[in-house]
Each structure stands twice: as C-alpha cells, then as structure tokens.
Amino acid sequence: MKHRSHAVAALAIASLLLTGCAAAAGTEGTLSAAQSDTSAPSPPVTSPEAGHAGGHSGGHHGGVTPSHGTTPEGPSDAALMVCGDQPMDRLTSILDLKEAPHTINTWADSTFTCIYHLQEGALEISVQDASNQATALTYFNAMQALAKEAKPIEGLANLGFPAYETADGSAVFQKDNFILHVDASDLPANLGPEGITRNALAYQLSTTILACWIEHP
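Small disclaimer: the values here were computed from a predicted structure and weren't measured.

Rules of the game
- Residues numbered from 1 in each chain as written.
- Predicted model: local features only at pLDDT ≥ 70, side-chain atom pairs only at ≥ 80, totals over all residues.
- Heavy atoms only, no water.
- Disulfide = S-S within 2.5 Å.
- Helix = DSSP H or I, 4+ residues; strand = E, 2+ residues; numbered from the N terminus.
- Buried < 20%, exposed > 50% of the residue type's maximum accessible area, 1.4 Å probe, protein only.
- Pairing = 2+ DSSP bridges.
- Core = buried A, V, L, I, M, F, W, Y, C linked by side-chain atoms within 4.5 Å.
- Contact = heavy atoms within 4.5 Å.
- Expected span 1.5 Å × (residues − 1).

## What about the state of the cysteines?
- Across all of its chains, the model carries 1 disulfide by this definition.
- Two residues, cysteine 83 and cysteine 114, share a disulfide whose sulfurs are 1.9 Å apart. Between cysteine 83 and cysteine 114 the disulfide shows an S-S torsion of about 60°. By sign, it is right-handed. Residue cysteine 83 is found in the loop between α2 (77-80) and α3 (85-94), and its partner cysteine 114 is found in strand β3 (residues 111-118); the two are separated by 31 residues along the sequence. The pair formed by cysteine 83 and cysteine 114 is uniform in burial state, with each residue classed as buried.

Shown next, in the form of structure tokens:
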C-alpha cells in the first residue's frame, strides 16, 4: 500500500506543475540570518532560537523576504518554497484543516527551516543549501547512514532523485545542491479524516515541494 501511494503521488506531480508555485514565503517581517559558511553543510536547524522570522496564524506565509541565490544573509528562492502556498495548501487539504497553521521559519548554518504548528504536534520542513551538487550528495549520504531505520525510496516514487524515508515519519530528497527534509516524527502515526500515516504525509509534502523546484529550477 505504501508503494502504491508513493506511485500515485509521483504521478500527481504533473497536475501540480500546472498550478504554479509560489517562490516567496511572504513579505511580513524580516529574517534574522546567521552568519555562517555556506560552503560547509551542517545538520538542519531544529530550534527557532537559531534566529527566526515572525510566523503568524491563519496565513500562508512565514514572514520571509526572499533572496536570489544562496548567501550568508538569506536562503535561496527554492528553499523559501517550503514555507510557501503549495505545501501549505497541500497540508491543509490532506488534513482538512479549517485554517492554515501558524508557522515559524529559521535561517542558520545554510539551512532554511519552516515549522508548521499543528494541533497534534510540529511538522518541520528544512532545506540545506549546499555549495554544489557533489557536496549536497555527500551530506545526503551521511544523513542516510546516520538515520534510524532509513529505507531508500526507489523506482518511480523517488522521481529520479536520491531519497529515503525513516520509520518515524521523515522523508529526505536530494536535488541539485539542495537537501529537502520533511520531518513528521513529532506527529501521531495517523492524522486527518482519512487517517493518513505520517510517512505518507511527509512523502506527499516532499513531492509537492519537488514539483515546485522542477517548475522553478
């Protein structure tokens, strides 16, 4: 059943590409950027104390001014998409939410993180901006080696990118110089009116973001 849901989500990317993707994560507030070396990837930030832009309730954006390209001052446009309209709309649709959840975003150590505060717990989506594709793949391989009960996502389901999932509800993809990590491990095993598993939720949000990246490389 898991492999079937992966294949269905993969095929759904074609329709997602037709809808367009919002590259910016909003214009409210400013981003507090950590001055870090963008050439050396480090583990994704998991704490808002690392520096955050003000999140808000009931809106689609986390309050970030977009920047073009990766710099110590701010994330790339591609990274900002994890806090944009498409993943937010997908999340609210899957879980049948009455309003968009509050979000907080951070930028530190070349990683942009968007935390969605759901009633059941926190959903964390992060993007590591590596200096190049080779560095990103090296970092991805290290993450996979260290991850508990990591299983490669294979066949059509990985959309042609290195990818793996973990038993506790995470999905990780590497595309170009980006490492996308959707972490639903803080959520219950099943969510929403359809009882979707947290692994399936992480995968579907990953493919939604990847569709945006494919449309806006």
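What follows picks up the thread again.
## Details of the pairing of strand β4 (residues 121-129)
- For β4, the buried fraction is high: 8 of the 9 residues fall into the buried class.
- Pairing geometry for β3 and β4, over 8 bridges, is antiparallel. Residue pairing for β4: threonine 113 is matched across the bridge by serine 126.
- Here β3 hands over to β4 after 2 residues, the two strands then running antiparallel side by side.

## So, the nonpolar core
- Judged by nonpolar contacts, the single largest core of 41 residues is most densely connected at Leu123, Leu180 and Trp213.
- Of all the secondary-structure elements, those providing two or more residues to this core are α2, α3, β3, β4, β7 (170-175), β8 (178-183) and α5 (198-215).
- Per-element tally for this core: the top contributor is α5, with 9 residues.
- Once you skip the residues sitting within four places of it in the chain, leucine 123 turns out to touch Leu91, Cys114, Ile115, Tyr116, Leu118, Val182, Asp183, Ala184, Leu187 and Leu205.
- In terms of nonpolar packing, the next biggest core, distinct from the first, is built from 8 residues, Ala136, Met143, Val172 and Ile179 among them.

## Examining α5
- Taking 1.5 Å of rise per residue, 18 residues should cover 26 Å, and α5 covers 26 Å from first to last C-alpha, within 8% of that figure.
- Most of α5 sits inside the fold, with 16 of its 18 residues counted as buried.

Keep in mind that these numbers describe shape and distance, not what the molecule does.
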